[in-house]
Amino acid sequence: MKETLKEIPTRLFLLIIGILLPVLFLPIILVYLAFDFFQRKRFKKRYHNYLLSIEGKKFFCYTNRKNNHHYIEKNIIPNLSGDIEPVFLEGKILRSKYIQEYISHLAASVSDRKGYPYLIKISNGKAIDKSMNNEFYNFKSQNKNPEDLLILINSSFDNLKSTL
């Protein structure tokens, strides 16, 4: 019984701290949440305006996974049609001549998450994407002609349509 009486002040102290700390930090948390909300809203507006400014652009996004990037850089990139921009993702670093913040968001928010490489087309201020992962690995593993893959990539861009 004596040990229980000695624990009461400690438990009471912890209970008071457990209630007071969240109450004290609540205003800071609310200010942070409001700031974050407006930051995101502003970014979405700038991002949408950026997509409108690059209307019609086509991107071929690929990564440095194993030897795939060597295959892509040797067989695909030099032969892409002139209106398709390569975007290379090396780890977390994105290599592109476009604004890093927006292109990173573009690459991170693809809806067809089946794996790289991705095709992304900007149409009506929206990004439309398609994973070429299955097709790419089928062509590569079966040693098919890379020119046929290029034809498929170009025709896939023509067939990209908004599902929104």
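All figures in this text were calculated on a predicted structure; none of them were measured in a lab.

About the thresholds
- Residues numbered from 1 in each chain as written.
- Predicted model: local features only at pLDDT ≥ 70, side-chain atom pairs only at ≥ 80, totals over all residues.
- Heavy atoms only, no water.
- Helix = DSSP H or I, 4+ residues; strand = E, 2+ residues; numbered from the N terminus.
- Rg over C-alpha atoms; globule rule 2.2 N^0.38 Å.
- Buried < 20%, exposed > 50% of the residue type's maximum accessible area, 1.4 Å probe, protein only.
- Contact = heavy atoms within 4.5 Å.
- Areas by Shrake-Rupley, 256 points an atom, 1.4 Å probe, with all protein chains shown as cover.
- Lys, Arg positive; Asp, Glu negative; His and termini not counted.
- Charge placed at Lys NZ, Arg CZ, Asp CG, Glu CD.
- Phe/Tyr/Trp six-rings, centres within 6.5 Å; stacked < 30°, edge-to-face > 60°.
- Lys NZ or Arg CZ within 6 Å of the ring centre and 35° of its normal.
- Core = buried A, V, L, I, M, F, W, Y, C linked by side-chain atoms within 4.5 Å.
- Salt bridge = Lys/Arg side-chain N within 4 Å of Asp/Glu carboxyl O.

Colleague: Please clarify how the overall build of the chain should be interpreted in this entry.
Modeller: Scanning the chain for helices and strands turns up five helices and five strands. The N-to-C order of helical and strand elements in the chain reads α-β-α-β-β-α-β-β-α-α. At 25 Å, the chain has a C-alpha radius of gyration far larger than the 15 Å of a compact globule built from 164 residues. Considering the chain as a whole, with its 164 residues, one finds that 32% of them fall into the buried category. A sequence separation of at least 24 residues applies to 62% of the contacts in the chain between residues at least 6 apart. For the chain, the accessible surface area stands at approximately 11,300 Å², while carbon and sulfur atoms represent 61% of it. The average position of the 25 basic charges and that of the 15 acidic charges among the side chains of the chain differ by 5 Å.

Colleague: Please clarify how the side chain of N133 should be interpreted in this entry.
Modeller: As for its position among the elements, N133 is in helix α4 (residues 133–141). Among the residues examined, N133 registers a relative accessible area of 14% and is labelled buried. Sequence-distant contacts of N133, defined by excluding residues within four places in its chain, comprise K114, G115, Y116 and P117.

Colleague: Is there a simple way to explain the packing of aromatic side chains in this structure?
Modeller: Aromatic ring pairs are defined here through the distance separating the ring centres and the angle between the ring planes. Applying the stated criterion to the full structure yields 11 aromatic pairs. Each ring, one from Y50 and one from Y102, has its centre 4.8 Å from the other, and the planes form 25°; the classification is stacked. Of this pair, Y50 sits in helix α1 (residues 2–53) while Y102 sits in helix α3 (residues 100–108), and the two are 52 residues apart along the sequence. Here the two residues Y50 and Y102 agree in accessibility, since each one is buried. One Lys or Arg, K144, reaches over the ring of F139 and ends 5.2 Å from the middle of that ring.

Colleague: Quick question: what am I supposed to make of the nonpolar core here?
Modeller: A general trend in soluble globular proteins is that nonpolar side chains are found buried together. Core analysis: the biggest nonpolar cluster contains 19 residues, and I54, F59, I103, L106, I120 and I122 have the highest contact counts within it. If you list the elements that add at least two residues to this core, you get α1, β1 (58–63), β2 (84–90), α3 and β4 (118–123). Grouped together as the second largest cluster of nonpolar side chains are 18 residues, Y62, I76, F88 and I128 included.

Colleague: Just checking my understanding: could you explain the pattern of salt bridges for this structure?
Modeller: Charged atoms that come close allow side chains of opposite charge to pair. One pass over the structure, following the stated rule, counts six salt bridges. Here K97 makes a salt bridge to E85, at a shortest N to O gap of 3.7 Å. Linking K97 in the loop between β3 (93–95) and α3 with E85 in strand β2, this pair joins segments that are 12 residues apart in sequence. With a relative accessible area of 14%, E85 lands in the buried category. For K130, the salt bridge goes to E135, with nearest N and O atoms at 3.4 Å.

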